[in-house]
Amino acid sequence: QVQLVESGGGLVQAGGSLRLSCAAPLRTVGRNTIGWYRQGPGNQRELVAEIGAGGSTNYADSVKGRFTISEDNAKNTVDLQMNNLKPEDTAVYYCNTNIRGLVYWGQGTQVTVSS
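Quick caveat, the model's predicted, so the values are computed rather than measured.

A.B. asks: Explain the environment of Val29 to me, and be specific about the residues and the numbers.
C.D. replies: Positionally, Val29 belongs in the loop between strand E3 (18–23) and strand E4 (34–39). According to the relative accessible area criterion, Val29 is buried, its value standing at 7%. In this structure, Val29 is in contact with Ala24, Ile34, Glu71, Asp72, Asn73, Asn76, Thr77 and Val78, ignoring residues within four places of it in sequence.

Printed below as a string of structure tokens:
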């Protein structure tokens with residue numbers, strides 16, 4: 001019933017930028033915390049950034065100053081602007097939310113940063 005769809009991944013050179021978008025269920029954005037996670041080769045999934053119902057944001061130390069999470073209530077999307085990308089940012093990026101106690105994940109979008 002709940003679908004989260006990520007888009008915007010791709011291949012980019014180090015120092016470049018990408019903008020990821022997460023399409024969430026109707027009225028999810030602005031009502032629930034939505035987060036971006038990533039999982040690189042051989043690594044565990046980790047939190048990258050999240051935005052709460054009140055608009056508060058939280059970022060992993062490794063991306064502070066480079067990534068920005070934002071929401072668009074009209075489009076019901078949560079975006080992740082990624083600047084100054086580094087090879088270590090290479091991973092599959094996933095969108096996540098919690099609705100009425102249940103956790104939902106998108107299918108993921110691949111981000112590859114070349115040196």
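A.B. asks: If you had to explain the packing of aromatic side chains to someone new, which residues and values would you point to?
C.D. replies: Within the structure shown, the criterion is met by two aromatic pairs. Centroid distance Tyr37 to Trp105: 5.0 Å. Interplanar angle 70°. Geometry classified as edge-to-face. Highlighted residues: Tyr37 in strand E4 and Trp105 in strand E10 (residues 102–105), separated in sequence by 68 residues. Summarising the aromatic geometry, the rings of Tyr94 and Trp105 are spaced 6.4 Å apart at their centres and angled 90° between planes, so their arrangement reads as edge-to-face. Placement of Tyr94 in strand E9 (residues 91–99) and of Trp105 in strand E10 is noted, with a sequence separation of 11 residues between them. On the basis of relative accessible area, Trp105 is assigned to the partly exposed category, the value being 37%. The ring of Trp105 carries the charged tip of Arg45 above its face, separated from the ring centre by 4.6 Å.

Rules behind the numbers
- Residues numbered from 1 in each chain as written.
- Predicted model: local features only at pLDDT ≥ 70, side-chain atom pairs only at ≥ 80, totals over all residues.
- Heavy atoms only, no water.
- Helix = DSSP H or I, 4+ residues; strand = E, 2+ residues; numbered from the N terminus.
- Buried < 20%, exposed > 50% of the residue type's maximum accessible area, 1.4 Å probe, protein only.
- Contact = heavy atoms within 4.5 Å.
- Phe/Tyr/Trp six-rings, centres within 6.5 Å; stacked < 30°, edge-to-face > 60°.
- Lys NZ or Arg CZ within 6 Å of the ring centre and 35° of its normal.

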